[in-house]
Each structure stands twice: as C-alpha cells, then as structure tokens.
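Secondary and tertiary structure notes
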Amino acid sequence: MADTAELTPVQPVSHLLQANAFAATATPTGVDATPAWLSQAPVFNPAQMLVQSAQPTYFGSLAAGDRSVAVVDAVAGGSSGQVPGKADAENVTDLRKALITLAMNLRDIRYVRGGRDPSTGFDCSGFVRYVFAHAIGLQLPTNSASQFLAGLKVNRADMKPGDLVFFRTHGKRNISHVGIYISEGRFIHSPATGKSVEISSLNDAYWAKRFAGAKRPEAIAQVARNG
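The rules behind these values
- Within any chain, residue numbers begin from 1 and follow the written order of that chain's sequence.
- Selection of residues for local features in this predicted model requires a pLDDT of at least 70, selection of side-chain atom pairs for listing and counting requires 80 or more, and totals for whole chains, interfaces and linings are taken over all residues.
- As a convention, hydrogens and water are excluded, and side-chain values are obtained from all of the structure's heavy atoms.
- A helix here means a DSSP run of H or I that spans at least four residues, while a strand means a run of E at least two residues long, and both kinds are numbered starting from the N terminus.
- Burial classes follow relative accessibility: with a 1.4 Å probe on protein chains only, a residue under 20% of its type's maximum area counts as buried, one over 50% as exposed, and anything between as partly exposed.
- In this description, contact between two residues means that some pair of their heavy atoms is separated by no more than 4.5 Å.
- Per-residue and other accessible areas were derived by the Shrake-Rupley procedure at a 1.4 Å probe size, with only the shown protein chains allowed to occlude residues.
- Per residue, pLDDT captures the predictor's confidence, and it can take any value from 0 to 100.
- Basic side-chain nitrogens of Lys or Arg form a salt bridge, by our definition, when they fall within 4 Å of a carboxyl oxygen of Asp or Glu.
- Polar contacts, as used here, are pairs of N or O atoms within 3.5 Å; protein pairs need one atom able to donate a hydrogen and one able to accept it. Residues neighboring in sequence count only if both atoms are side-chain atoms.
- Think of it this way: DSSP has to see at least two bridges between two strands before they count as a pair.

Examining the overall build of the chain
A count of helices and strands for the chain gives 8 helices and 8 strands. By the burial criterion, 51% of the 227 residues in the chain qualify as buried. In the chain, the proportion of contacts linking residues at least 24 apart, taken out of those at least 6 apart, comes to 66%. As presented, the chain carries roughly 10,200 Å² of accessible surface, and 52% of it is formed by carbon and sulfur atoms.

This is the structure we're talking about:
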C-alpha cells in the first residue's frame, strides 16, 4: 500500500488512450460513485480530452502546457489583470471537476508498485500525480510523504473535491498512502497490490483508523482564496 520513494516524470498523454476502456466502468459495488455536483457536469472522454484538447471545462480546453499558465493567471487575478471574483470561483470549480472526472475515468486500472501510467498501472502517488498533471497541468511531488508536506492543511469538515487525503498505513509515524477526495466522505485511490483504482469511504474502519489528514495543493488553495 505504500508508494515508492521516487517516480520518474509523467509519461506522454497518448498512453491514456489505453485507459479509454475504463471510461464507462460500472459503479463499484456498494458505493455511489458519482456525486450530485459532478453528475450535472458535461460528460466527456478523457482520452479525447487530452489528445484533442476538447474537454468542456475552462482548464481542460487548454493545451497541457497552457493549463499551468491558466492556473497561475487565475491566482494572479486573471488575464485581464482585474481583481479576482466570480470568474475565479468558477475556475476553481472547473479545476475540481476536471480532477474528479479524470480520476473517475481511471477506475479499475490495477495497482502496480511504482506505477505512474494507465498503460502499466498505478501506485497511490503515481495515480494522484497523473490525475493532477493531465487534468489541470499541475506537477505534484513524487510520493505521498512529499505530497503531504507540500499541501496546505484542510480541516476534515472543510474538505472539497480534489483535495488530497493521506493515511499512515505502515505504523503511526510516516505518511504512506494518498487519495483524491470526492465528496461525502468518499475518496478515490489506488489502494494495494491485487486491487485497482477504486472509491473508498473515510468512514470505513480501516481508513478511519489510519487517516492522517487532508491537504490542498497550493495553486488550488490560492485560486480558491482569491475567488
């Protein structure tokens, strides 16, 4: 369940074509996998989004390199230089929707220690890094412990879709697992050998006992504050 200490950079987005078969996967048994706010968003194919830059959200409509620029621009107050307001609030909502939609479309891809790509499989931090890099163009640190240190602390009651949730699965000292929060106590992650990307609940006894806290990547936190 622990991720590797080092991962190489994210592979080209063309690999996501191999994940397209998972885009219509069934809802995991016993879990309502689609939050209400996300079900109202336009449905899109992540492979097509990345290859053709055709996702119908603000950030997904941009080329991968431009998404990072758009995030920085939103933090700075928008391309017009005006004071952030409603548009930035909408932008951070689009950021969150893009993250969750891509993550959901990667369900059932198998866990592989050190995995960083849908063509080979994911470990926990590889999954999180891939989603953030390919949904909104943000590069996160390479493992769960460093991702925990890089984020801004979020109280459990204040968690939003796209925040990162962390766990201590190998003792009480070190962070060893990470997932992406969805809503209503649910998160999506690549859990362990023999399993695949799935949705779990923070209220499950196993995860509740090992929950270490939630963090919000700096760029998203800044956009949210400005909004």
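Once you've had a look at it, read on.
Some thoughts on the confidence of the model for the chain
Here the chain averages 73 in pLDDT, while 59% of its residues score no lower than 70. Confidence drops under pLDDT 50 across residues 4–33; counting only partners more than four residues distant or on other chains, this segment forms 69 contacts. Under a pLDDT of 50 for its full length, residues 41–85 has, in the predicted model, 76 contacts with residues more than four places off or in other chains.

A few points about the pattern of salt bridges
By the definition in use, this model includes 3 salt bridges. The salt bridge partner of Arg96 is Asp163, with a shortest N-O separation of 3.5 Å. Linking Arg96 in helix α4 (residues 86–104) with Asp163 in the loop between β3 (152–154) and β4 (164–167), this pair joins segments that are 67 residues apart in sequence. Across the pair Glu184 and Arg186 runs a salt bridge, and its minimum N-O distance is 3.6 Å. Overall, Glu184 belongs to the exposed group, its relative accessible area being 66%. Taken together, the shared-partner salt bridges in this structure form one network comprising Arg96, Asp163 and Arg216.

Points about the side chain of Ser201
Along the chain, the position of Ser201 falls in strand β7 (residues 198–201). Side-chain polar atoms of Ser201 contact the backbone nitrogen of Asn203, separated by 3.0 Å. Apart from residues no more than four positions distant in its own chain, Ser201 is found in contact with Gly185, Arg186, Phe187 and Trp207.

Things to note about the pairing of strand β6 (residues 186–189)
Burial of the side chains of β6 extends over both faces: Arg186 and Ile188 are buried on one face and Phe187 and His189 on the other. Hairpin connection, strand β5 (residues 177–183) to β6: the antiparallel pair is bridged by 2 residues, and Glu184 has positive phi, about 50°. Taken together, the 4 bridges between β6 and β7 define a ladder with antiparallel strand orientation. Across the sheet, residue Ile188 finds its bridge partner in β7, namely Ile199.

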